[in-house]
Each structure stands twice: as C-alpha cells, then as structure tokens.
Amino acid sequence: MPAADTASTTQTLAGFVEQHAQQRPGDIAIRYGEREWSWADWSARIRRAAGALRAAGIERGQCVAFLDKNHPACL
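Residues numbered from 1 in each chain as written. Predicted model: local features only at pLDDT ≥ 70, side-chain atom pairs only at ≥ 80, totals over all residues. Heavy atoms only, no water.

K.L.:
Pulling in residues and values, what's your account of the layout of surface pockets?
P.N.:
The gaps left among the atoms become clear once a water-sized probe is rolled over them. In this model, the largest pocket occupies a volume close to 1,000 Å³. Lining the largest pocket we find 24 residues, and of these A14, I46, A49, A50 and L53 sit closest to its centre. Broken down by secondary-structure element, the contributors of at least two residues to the lining of the largest pocket are α2 (13–23) and α3 (39–55). No other element matches α3, which puts nine residues into the lining of the largest pocket. Class assignment for the residues of the lining of the largest pocket results in 13 nonpolar, four polar and seven charged. (1 Å grid on protein atoms, 1.4 Å probe; cavity = no way out; pocket = protein on both sides within 12 Å on 5 of 7 lines; lining within 4 Å. Points joined across faces, edges and corners; volume = space filled by probe spheres on them. Helix = DSSP H or I, 4+ residues; strand = E, 2+ residues; numbered from the N terminus. Nonpolar A, V, L, I, M, F, W, Y, C, P; charged D, E, K, R; others polar.)

Written as structure tokens, this is what we have:
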C-alpha cells in the first residue's frame, strides 16, 4: 500500500484556498447555479471570517464548530 501524501492531508482548507488564490486568482473555485466565486473571492471571504473570529477572541489552536446545510454559502 503506498504511503499517504502527508502534505495534502495536513494542509488547512484556508491554506489550500490561499495557495490556489495566489496561483490562479481569477479562476472559478465554486460554481452553484448561476453564481460563481473565484479563488481570490473565496480566499478573501476566509480572511474576513478569520478576522471576525479573532475579533471575537478566538485564538489560533482553539476549536470552533460550525453546522449548516450543504450549500456554498456555508463555505
């Protein structure tokens, strides 16, 4: 059995999105019906959410849970 690629399994979602946003910011990352979000759009939304969590007192390493419907808005 081949070894797992630990680099891809340990990277955060935010890191994955940021990497793609740097490499191809205008490419479509999410398409849902008529709506489209580029990698740059998605990365900016993640940074805003992280900023809001920091402003609420959440620190790196703390756990946060989120439960929502399976919809692009929850990303």
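Anyway, onward from the coordinates.
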